[in-house]
Amino acid sequence: MNNSSFIVVSSELSNISTINTWLEENLFKLIKNKEKISTLSLVIQEAIVNAIIHGNKENKEKNVTLSYSLLDRNLHIKVEDEGSGIPKNTKTKENITAEDLLKESGRGIILMKHFCKDVIFDKTSIELIMEL
């Protein structure tokens, strides 16, 4: 099985099911811990939704790329869009509150920071690092 792979989809929310199928057929087969798979599924979905809605403004002409690589016990997930960039004023892992986690909107990055070992922002991408 591949320890790295990627998928490119157009910026349509309907493509989330395509991504989920791809994850199940590729990445999730490499992970034994079912709880980790549930957490991964959640944070990846949040990152993809953010890329489609906030990054690419649901422009179907723009793409979102999801890639992963397994390095030792660390899983690196990268989500890239073709938008103008991620705002710098996001909450840090240290100041996330219980109320933040229950919000219906604006919680994607908060959830990523809560569940991941590290979250690295670049202009048009986000890298999620989880320890397996």
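Figured I'd write up the structure that's included with this text. (Residues numbered from 1 in each chain as written. Predicted model: local features only at pLDDT ≥ 70, side-chain atom pairs only at ≥ 80, totals over all residues. Heavy atoms only, no water.)

### Some remarks on the pairing of strand 5 (residues 125-131)
Heads up, the condition is: Burial here depends on accessible area, computed with a 1.4 Å probe over protein chains only, as a share of the maximum for the residue type. Under 20% is buried, over 50% is exposed, and the range in between is partly exposed. Numbering of helices and strands starts at the N terminus; helices are DSSP runs of H or I of at least 4 residues and strands are runs of E of at least 2. One requirement defines pairing of two strands: DSSP has to find at least two bridges between them.
Burial runs high along strand 5: six of the seven residues are buried. As defined by bridge partners, strand 3 (residues 74-80) adjoins strand 5 across seven bridges and the pair is classed as antiparallel. Across the sheet, residue L75 finds its bridge partner in strand 5, namely M130. The loop that links strand 4 (residues 118-122) with its antiparallel partner strand 5 comprises two residues.

### Quick word on the environment of N15
Operational definition: By definition, residues are in contact when any of their heavy atoms lie within 4.5 Å. We define a polar contact as two N or O atoms separated by no more than 3.5 Å, with the added condition that, inside protein, one atom must be a possible hydrogen donor and the other a possible acceptor, whereas residues neighbouring each other in sequence contribute only through side-chain atom pairs.
Following the sequence through the fold, N15 ends up in the loop between strand 1 (4-10) and helix 1 (16-25). Residue class for N15 comes out buried when judged on its relative accessible area of 14%. Not counting residues within four places of it along the chain, the set of residues in contact with N15 comprises V9 and S10. One polar contact links the side chain of N15 to the main-chain carbonyl oxygen of S10, over a distance of 2.9 Å.

### Considerations on unusual backbone geometry
The backbone of K57 shows a phi angle near 55°, a positive value even though the residue is not glycine. Within the fold, K57 resides in the loop between helix 2 (34-55) and strand 2 (63-71). Judged by relative accessible area, which is 61%, K57 ranks as exposed. Positive phi, normally seen in glycine, also occurs at D72, with a value near 55°. Position of D72 among the secondary structure elements: in the loop between strand 2 and strand 3.

None of the figures reported here should be taken as evidence of function without further support.
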